[in-house]
Amino acid sequence: MRRWLALAMALAMAMLIGCAAAEAPEESDGLSIEEVGGEEAEWLFPVAIEDLDPAFLPLANKHYLLEKDYVCSPLVTMKAAKYNKDGSRKSGNMLMAVSSKMKLNETCAEALTALSDGARADGYKLYLKSAYRSWQTQNTMYKNRLKKNKGKDDGWVSKAGASDHQTGLGCDVIPRSWIKASGMNSKMASEPECVWMEEHCAEYGFIIRYPKDKEEITEIHYEPWHLRYVGIPAAKYIMENGLCLEEFTEQLQAAIEFYLAGGGDPAKVEKLIQVPTEEAES
Ligand SMILES: [Zn+2]
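Fair warning: this is a prediction, and the values are worked out from it, not measured in the lab.

Next up on the list: the overall build of the protein chain. Within the protein chain, the secondary structure is distributed over 10 helices and 9 strands. Buried positions account for 35% of the 282 residues belonging to the protein chain. Expressed as a percentage of contacts within the protein chain between residues at least 6 apart in sequence, the contacts between residues at least 24 apart total 70%.

The next subject is the nonpolar core. Membership of the largest hydrophobic core comes to 54 residues, with the highest contact counts inside it found for V173, C201, F206, I207, A235 and I238. Put simply, the parts of the chain that give this core at least two residues each are α3 (106-121), β6 (126-130), β7 (170-175), α5 (192-200), β8 (206-210), β9 (223-229), α7 (232-240) and α8 (245-261). Here the element with the most residues in this core is α8; it accounts for 8 residues. Not counting residues within four places of it along the chain, the set of residues in contact with V173 comprises L126, Y127, L128, K129, M197, W225 and L227. Listed in part, the 5 residues of the second largest apolar core include A60, Y64, L65 and L66.

Our next topic: the environment of G242. Within the secondary structure, G242 is located in the loop between α7 and α8. Owing to 14 C-beta atoms within 10 Å, G242 belongs among the partly exposed residues under this scheme. The sequence separation of G242 and D213 amounts to 29 residues, and the corresponding C-alpha distance is 9.1 Å.

For the protein chain, mean pLDDT is 86; residues scoring 70 or higher make up 82% of the total. Every residue in residues 1-5 scores below 50 in pLDDT, and together they form 4 contacts with partners more than four places removed in sequence or on other chains. Note on residues 15-38: pLDDT is under 50 here. Beyond four places in sequence and across chains, it has 27 contacts.

What follows is about the pairing of β7. Along a regular strand, successive side chains alternate from one face of the sheet to the other. Counting buried positions along β7 yields 6 of 6 residues, so the element is predominantly enclosed. Because side chains alternate across β7, one face comprises the buried residues G170, D172 and I174, and the other comprises C171, V173 and P175, equally buried. Note that β6 and β7 share 4 bridges and pair antiparallel. Note on β7: the bridge partner recorded for Y127 is I174. In this structure, β7 lies alongside β9, joined through 3 bridges in antiparallel fashion. Paired with G170 across the strands is R228, a residue of β9.

So, about the environment of A234. One can find A234 in helix α7. Through-space distance from the C-alpha of A234 to that of I207 is 8.9 Å; in sequence the pair is 27 residues apart. Excluding anything up to four places from it in sequence, A234 contacts V47, L52, L57 and F248.

E193, C194 and M197 are the residues of α5 that are buried. All buried residues of α5 lie within an arc of 95 degrees about the axis, which places them on one face of the element. Away from the buried face of α5 by more than 90 degrees, exposed residues P192 and E199 are located. In this structure, the buried residues of α5 make contact with α3, β6, β7 and β9.

Turning to the environment of G155, a few remarks are in order. In this fold, G155 is placed in the loop between α4 (135-148) and β7. Overall, the presence of 12 C-beta atoms within 10 Å leaves G155 in the exposed class. As for G155 and H221, which are separated by 66 residues in sequence, their C-alpha atoms are 6.7 Å apart. If near-sequence neighbours (up to four positions away) are discounted, G155 is found in contact with E219, I220 and H221.

Moving on, we come to unusual backbone geometry. One can expect most non-glycine residues to show negative phi and most peptide bonds to be in trans. A cis amide bond links S73 with the next residue in sequence, P74, at an omega value of 0 degrees. Position of P74 among the secondary structure elements: in the loop between α2 (33-37) and β1 (75-77). Although it is not a glycine, K150 sits at a positive phi angle of roughly 50 degrees. With respect to the secondary-structure elements, K150 resides in the loop between α4 and β7.

About the criteria used
In this numbering scheme, every chain counts its residues from 1 along its sequence in written order. This being a predicted model, a pLDDT of at least 70 is required before a residue's local features are given, and a value of 80 or more before pairs of side-chain atoms are given or counted; all residues contribute to the totals for chains, interfaces and linings. Note on conventions: DSSP H or I runs of at least 4 residues are helices, E runs of at least 2 residues are strands, and numbering of each starts at the N terminus. Residues with at least 20 other C-beta atoms within 10 Å of their own are called buried, those with 12 or fewer are called exposed, and the rest are partly exposed. The C-beta atoms themselves are positioned from the backbone. For the purpose of contact definition, each residue receives a C-beta atom placed from its backbone, and two residues are in contact when these atoms lie within 7 Å. Nonpolar cores are built from buried Ala, Val, Leu, Ile, Met, Phe, Trp, Tyr and Cys residues. These are joined into a set through C-beta atoms within 7 Å. You can read pLDDT as the predictor saying how much it trusts each residue, on a scale of 0 to 100. We call two strands paired when DSSP finds no fewer than two bridges between them. Relevant arc is that of directions from the helix axis to the C-beta atoms, nothing else.

As structure tokens, this is what we get:
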């Protein structure tokens, strides 16, 4: 039902933008800008502008490549948490970490710590498997994967600039039982820890970045372990409506276009504007 609502809204928005963009608005048989927007430019997106932090919303994929030196700073080093006997946190800013030297954006790290404590309170221990990766690291990983697959991109490792891990806001969080597994796959989704994450991640500002039924859109296999920080209001909207970040971005960009066409203040939305790499370069 909610998914329907979101779809209907996206369609309505697209139609309105179509009308607003038409050449002679006064004479067109659709709605003119004045009739739609009136004096005040309308913000039709279900999440308020002030609840959207552009720093946490960058889309990274094959079509939206990140610059080589891009990262959502500041990054902080993740430290494995130690707990007291009564279950309270003794030290560390994080859930249990699989390896040292992992970094995440500071806000994301704090949110992940809260998520980990929430999971722990419900009886689940979460482990951080992978966090920030630089453009260079991703480039090496991608090339190694291609070599292993005789030059074929199998959709498991993103190319440099296209990885959510480069944002510093994406991380792989896994159950203890998978720490020693040689690879990760969708079977992990049935682990109670992953069921818990899917259900509660939005409360802490996270989304499942690569959902099960969105593989055609994300062009990435279902990854029940990959969490992405976007902030609580955006995360709730995305998870409640069963969206992936690509769909969210598309809806948001349509809303921005509509807002601007209706005379909205560009300063309020300019940082939220995202353009595909191909368009930005042409
Ligand atoms: Zn990942």
